[in-house]
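Now for the letters of each chain:
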Number of protein chains: 2
Amino acid sequence: MSILVVGSVAIDSVQTPFGIGNNVLGGSATYFSTAASFFTNVNLVAVVGEDFPEEHLEFLKSRNIDLKGLSIGKGKTFQWKGRYGFDLNEAETIKTDLNVFQSFRPVIPAEYVDSEYIILANIDPDLQLEVLDQVKNPKIVACDTMNYWISSKLDVVKKVISKVDFLIINEGEARQLAGEVNLVKAAAAILNIGAKSLIVKRGEYGVLYFSSSGIFATPAYLLENVFDPTGAGDTFAGGFMGYLANTGNLSDHSIRQAVVFGSVMASFNVEDFSLNRLKTLEYHEIEERYQKFKAMTHFDEL
Amino acid sequence: MSILVVGSVAIDSVQTPFGIGNNVLGGSATYFSTAASFFTNVNLVAVVGEDFPEEHLEFLKSRNIDLKGLSIGKGKTFQWKGRYGFDLNEAETIKTDLNVFQSFRPVIPAEYVDSEYIILANIDPDLQLEVLDQVKNPKIVACDTMNYWISSKLDVVKKVISKVDFLIINEGEARQLAGEVNLVKAAAAILNIGAKSLIVKRGEYGVLYFSSSGIFATPAYLLENVFDPTGAGDTFAGGFMGYLANTGNLSDHSIRQAVVFGSVMASFNVEDFSLNRLKTLEYHEIEERYQKFKAMTHFDEL
């Protein structure tokens, strides 16, 4: 099954203790789409400006990402400038220029309206609802959001959440959304809003998956070199949904495997700036790291 | 096999967002010993003051902890006063009165000098060396330390580390000790000092185990109610070593299981103030939670 991804494509400038990436490819939908493209076909709905480099379009095409839904707006591409200290879990935003993204209204091409797997990246929750209004028969919807929307449009965020199968957010956002420090209690409150399940991203500490089947907890894959955490969460979600769309198996077992595939994709992504590592990644490396992940976390029954 | 535990027994006053525990039983050796006592016999070497309540001695005896090595010094028992905010990973020390602990020189009773399993709780590394000088044939030595000793007596800390099988410290201490932010690199540097293996405690995020066999990573057991994290790390280490001493099996498989048993013990401990939860805990509950832990973290091979 192909996946429909709606979100941002951006030009990033990122500084970490290990180097600088200036004017590199970024954006949540870019990471989502690229990660998912290792598992299935991806249809991308987003907007870029007239300045968007041809090489980036060529890269997305080379990943078999369908760009019918990528419009080119009058003006510049969305730009984000950020910085990480040694605590790579926390980005500091230096500057955000929304540019063409400011007036983005997602229009789903006719060829995509039957999409069964949908990823709503972190955009205005009103736009997320507009996307859901345009698709006919979504089987699985995953969605991200952020502290800004939870503060400013909580009612709309909740309306979106009530329609999704997987809400994929980070630890701080889960606590903020539920108004509760304890994550088990916060998850119960969020499932109560109507999300079928909740995935909590904890950066270098791994991922939690909460659903009516219980809790699945996994650490992150341990790496000797982490250069740039930008896009790790989106890469996780892309790998997660890509695996599910590829297998079509939505059992608890399969979802747990998808969480691990997502974690594996994120672990590759942080090994280099921007999407550089994903550009050279081959599928057999993903399976190999999945096996190493299993070996790293396995312990015997009693 | 019985375990020899050397460390502090204290009276704690602890404040968390969920309540207050005033003048309650505490001390690293107390948590170590009690947790280990669910798996094997424990011999405790520590000092208390003349004020130490009889009820606490009775409790330790009820856990079959041998108190031949517990001396009663002239003066008051070591007292610690601390506070936790909503971030339960970080304690703020309000007051420390070392009292009789200030002049503590561990004397290992003749009956204990053949001990094969030894836990050196967080005390002056010079005293940790004195303990090792007094025992004849240690098979497995585990040791803890803290930022204070790493700053003030690094050479002695390193000497201790070169003699231990399991260095069990928290994430910040591992980074400080190695002078390296990345934990995989920090672990390599610490193994290079001479520790046979390293266990890194990450609080609510779980545990990492590094050895020449590779890395084992596990999240922590997820709890709906965490009242008081005091002693969680020591309870972990007590359960870990207790399990190993009980089975005598030091394979990588067994060590991984021991890490999970330690995590299970810590998860019980934080459910109430002081050692209150351990006071009512029964062994079948430990095995039941181990099984839930397995269910919570399991995912299938490819």
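Definitions and cut-offs
Residues numbered from 1 in each chain as written. Chains lettered and ligands numbered in written order. Predicted model: local features only at pLDDT ≥ 70, side-chain atom pairs only at ≥ 80, totals over all residues. Heavy atoms only, no water. Contact = heavy atoms within 4.5 Å. Buried area = accessible area lost by both parts, 1.4 Å probe. Salt bridge = Lys/Arg side-chain N within 4 Å of Asp/Glu carboxyl O. Helix = DSSP H or I, 4+ residues; strand = E, 2+ residues; numbered from the N terminus. Nonpolar A, V, L, I, M, F, W, Y, C, P; charged D, E, K, R; others polar. Pairing = 2+ DSSP bridges. Axes fitted to C-alpha atoms, helices over the stretch in contact; angles between N-to-C directions. Parallel < 35°, antiparallel > 145°, perpendicular 65-115°, else oblique. Left-handed = near helix turned anticlockwise from the far one by under 90°. Expected span 1.5 Å × (residues − 1). Buried < 20%, exposed > 50% of the residue type's maximum accessible area, 1.4 Å probe, protein only. Arc of directions from axis to C-beta.

(A) Representation of the interface of chain A and chain B within the structure. Each partner contributes residues to the interface: chain A has 39 residues there, and chain B has 39 residues. Where chain A abuts chain B, roughly 3,900 Å² becomes buried across the two surfaces, and 59% of that area is made up of carbon and sulfur atoms. Of all residues in chain A, Tyr 205, Phe 299 and Leu 302 of chain A bury the most surface against chain B, accounting for 21% of the area lost on that side. Between Arg 202 of chain A and Glu 204 of chain B there is a salt bridge, and its shortest N-O distance comes to 3.8 Å. Secondary structure elements with two or more residues in the side of chain A that touches chain B: α6 (171–178), α7 (183–193), β12 (207–211), β13 (214–218), α9 (252–269) and α11 (283–297) of chain A. At eight residues, α11 of chain A tops the list of elements feeding residues into the side of chain A that touches chain B. Class assignment for the residues of the side of chain A that touches chain B results in 20 nonpolar, eight polar and 11 charged.

(B) Focus on the sheet that holds strand β4 (residues 42–48) of chain A. Residues and elements named next belong to chain A. Pairing in this open sheet of nine strands is mixed, and the strands run β5-β4-β1-β8-β9-β10-β11-β12-β13 from one edge to the other. Since the sheet does not close on itself, it has two edges, and those belong to β5 (65–72) and β13, each with one partner. Adjacent strand axes in the sheet meet at a mean angle of 15 degrees when their direction is disregarded. In this structure, β12 lies alongside β13, joined through five bridges in antiparallel fashion. Bridge pairing links Tyr 209 to Phe 216 in β13. Along the sheet, helix α2 (residues 54–62) contacts β4 and β5; its crossing angle with β5, the most-contacted strand, is approximately 150 degrees. Along the sheet, α6 makes contact with β10 (166–170) and β11 (197–201), crossing β10 at roughly 110 degrees.

(C) Structural view of the packing of helix α3 (residues 125–134) of chain B against helix α5 (residues 154–161) of chain B. Residue and element names in this part refer to chain B. Look at α3 against α5: their axes get within 9 Å of each other, and the N-to-C directions meet at 30 degrees. In terms of their interaxial angle, α3 and α5 are classed as roughly parallel. Crossing of α3 over α5 shows left-handed handedness. Touching Pro 125, Asp 126, Gln 128 and Leu 129 of α3 are Val 156, Val 157, Lys 159 and Val 160, all from α5.

(D) Geometry of α11 of chain A. All names here are of chain A. Its 15 residues give α11 an end-to-end C-alpha distance of 22 Å, which sits within 8% of 21 Å, the value for a rise of 1.5 Å per residue. Burial in α11 covers these residues: Ile 286, Arg 289, Tyr 290, Phe 293, Lys 294, Met 296 and Thr 297. Buried positions in α11, seen along its axis, are confined to an arc of 160 degrees and lie on one side of it.

(E) Region of interest: the sheet that holds strand β2 (residues 10–16) of chain A. Residues and elements named next belong to chain A. The sheet built from four strands is open, its strands ordered β3-β2-β6-β7 with mixed pairing. Unpaired on one side and paired on the other, β3 (19–26) and β7 (91–97) mark the two borders of the sheet. Each adjacent strand pair in this sheet contributes to an overall mean axis angle of 15 degrees, direction not counted. When strand β6 (residues 78–84) meets β7, the two strands line up antiparallel, connected through six bridges. Of the residues in β7, the one forming a bridge with Lys 81 is Lys 95.

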